[in-house]
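Residues per chain are reported as follows:
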Amino acid sequence: MKDNGRLIGWGGLYNDPFDPGWGVELGYYFHPDVWGHGYGRELVSAALKEEPMKS
């Protein structure tokens, strides 16, 4: 976190090396102490700006 430097989780876009034809996937993990604070929603929103969904 910005205020104390504590790592609360990670996430991002990646291509699955075991199924390369599947396309881009989103993965994340947050420490249970920060669940419900909107960090997942923030991560997904930022990721979709980088790699918009294609229909």
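Right, let's walk through the structure included here. (Residues numbered from 1 in each chain as written. Predicted model: local features only at pLDDT ≥ 70, side-chain atom pairs only at ≥ 80, totals over all residues. Heavy atoms only, no water.)

1. Digging into the environment of Pro32
Okay, so step 1: With respect to the helices and strands, the residue Pro32 is situated in the loop between β2 (24-30) and α1 (39-50).
Okay, so step 2: Using a relative accessible area of 41% as the deciding quantity, one classes Pro32 as partly exposed.
Okay, so step 3: Along the sequence, Pro32 and Gly9 sit 23 residues apart, while their C-alpha atoms lie 9.4 Å from each other. (Helix = DSSP H or I, 4+ residues; strand = E, 2+ residues; numbered from the N terminus. Buried < 20%, exposed > 50% of the residue type's maximum accessible area, 1.4 Å probe, protein only.)

2. Comments concerning the layout of surface pockets
Okay, so step 1: Approximately 160 Å³ is the volume found for the second largest pocket.
Okay, so step 2: In terms of lining residues, the second largest pocket is bounded by Leu7, Ile8, Gly9, Trp10, Gly11, Phe30, Tyr39, Glu42 and Leu43.
Okay, so step 3: Taken together, the elements giving at least two residues each to the lining of the second largest pocket come down to β1 (9-15) and α1.
Okay, so step 4: Its residues assigned to classes, the lining of the second largest pocket shows six nonpolar, two polar and one charged. (1 Å grid on protein atoms, 1.4 Å probe; cavity = no way out; pocket = protein on both sides within 12 Å on 5 of 7 lines; lining within 4 Å. Points joined across faces, edges and corners; volume = space filled by probe spheres on them. Nonpolar A, V, L, I, M, F, W, Y, C, P; charged D, E, K, R; others polar.)

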